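Below are the chains, spelled out letter by letter.
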Amino acid sequence: MPLIKVQSSVSAPGKSEVEALLKSLSSKLSKHLGKPESYVMTAFEPDVAMTFGGSADPVCYIEIKNVGSMNSAQTKSMSQDFCQQINQALGVASDRIYIEFADAKGSMWGWNGSTFG
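Anyway, here's the lowdown on the structure attached to this text. (Residues numbered from 1 in each chain as written. Predicted model: local features only at pLDDT ≥ 70, side-chain atom pairs only at ≥ 80, totals over all residues. Heavy atoms only, no water.)

## Some remarks on the overall build of the protein chain
Along the protein chain, the regular secondary structure elements total two helices and six strands. Reading the protein chain from its N terminus to its C terminus gives the helix and strand order β-α-β-β-α-β-β-β. Expected size for 117 residues packed as a compact globule is a radius of gyration near 13 Å; at 14 Å, the protein chain falls within 12% of this value. Once the C-alpha set of the protein chain is aligned to its principal axes, its extents read approximately 40 × 30 × 25 Å. Within the protein chain, the fraction of its 117 residues that count as buried is 38%. Sequence separation of 24 or more characterises 76% of the internal contacts of the protein chain that already satisfy a separation of 6 or more. A total of about 6,600 Å² of accessible surface is found on the protein chain, and carbon and sulfur atoms cover 51% of it. Of the charged side chains in the protein chain, 10 are positive and 11 negative; the average position of the first set lies 7 Å away from that of the second. (Helix = DSSP H or I, 4+ residues; strand = E, 2+ residues; numbered from the N terminus. Rg over C-alpha atoms; globule rule 2.2 N^0.38 Å. Buried < 20%, exposed > 50% of the residue type's maximum accessible area, 1.4 Å probe, protein only. Contact = heavy atoms within 4.5 Å. Areas by Shrake-Rupley, 256 points an atom, 1.4 Å probe, with all protein chains shown as cover. Lys, Arg positive; Asp, Glu negative; His and termini not counted. Charge placed at Lys NZ, Arg CZ, Asp CG, Glu CD.)

Printed below as a string of structure tokens:
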């Protein structure tokens, strides 16, 4: 049910680096939200045509979705953690990363032929 999706204008690093990044994001998101990692989904889309502030310098957009509510302390902590991680992994400056946090009702999130609500 938790999802972290990373879109970036940078090219993908090697396959093993991408896999390591996704596994790390999965583990961290699970801990931040207190949810089993077995339900966490990760996605990475490199080479997306993007601009930020009128510039095509490296940029990143991250979506974090969760069934249930995220509070401001959680979102602030996740913003700090994931901005730092993406900066280190992809070289995107933290001030060129936007993160969208979205809560979802269980009935609006499908899985395994049903929903969570």
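There's plenty left to go through after this.
## Side note on the sheet that holds strand S1 (residues 3-8)
On the basis of which strands lie adjacent, the open sheet formed by four strands has the order S2-S1-S3-S4 and mixed pairing. The sheet is open, and its two edges are formed by strand S2 (41-45) and strand S4 (97-104), each paired on a single side. The mean inter-strand angle of the sheet, taken between neighbouring strand axes irrespective of direction, is 10°. Here S1 pairs with S2 via five bridges, running parallel. Across the sheet, residue Lys5 finds its bridge partner in S2, namely Ala43. Contacting S1, S2 and strand S3 (60-67), helix H1 (residues 15-33) runs over the sheet at an angle of about 140° to S2. Across the face of the sheet, helix H2 (residues 72-90) comes into contact with S1, S2, S3 and S4 while running at roughly 135° to S4. (Pairing = 2+ DSSP bridges. Axes fitted to C-alpha atoms, helices over the stretch in contact; angles between N-to-C directions.)

## So, the packing of aromatic side chains
Counted by the stated rule, this structure contains four aromatic pairs. Plain terms: the ring middles of Tyr39 and Trp111 are 5.5 Å apart, the flat faces sit at 70° to each other, and that makes the pair edge-to-face. One end of the pair, Tyr39, is in the loop between H1 and S2; the other, Trp111, is in strand S5 (residues 110-111), with 72 residues separating them in the sequence. You can call Tyr39 partly exposed: its relative accessible area is 30%. Residue classification places Trp111 among the partly exposed residues on the basis of a relative accessible area of 47%. Relative to Phe116, the ring of Tyr39 lies with its centre 5.9 Å away and its plane at 80°, an arrangement referred to as edge-to-face. (Phe/Tyr/Trp six-rings, centres within 6.5 Å; stacked < 30°, edge-to-face > 60°.)

## Looking at the packing of H1 against H2
Relative to each other, H1 and H2 sit at 170°, their axes nearing to 11 Å. Here H1 is positioned roughly antiparallel relative to H2, judged by the angle of their axes. On H2, the residues that touch Leu21, Ser24, Leu25, Lys28, Leu29, His32 and Leu33 of H1 are Gln74, Ser77, Met78, Asp81, Phe82, Gln85, Ile86 and Ala89. (Parallel < 35°, antiparallel > 145°, perpendicular 65-115°, else oblique.)

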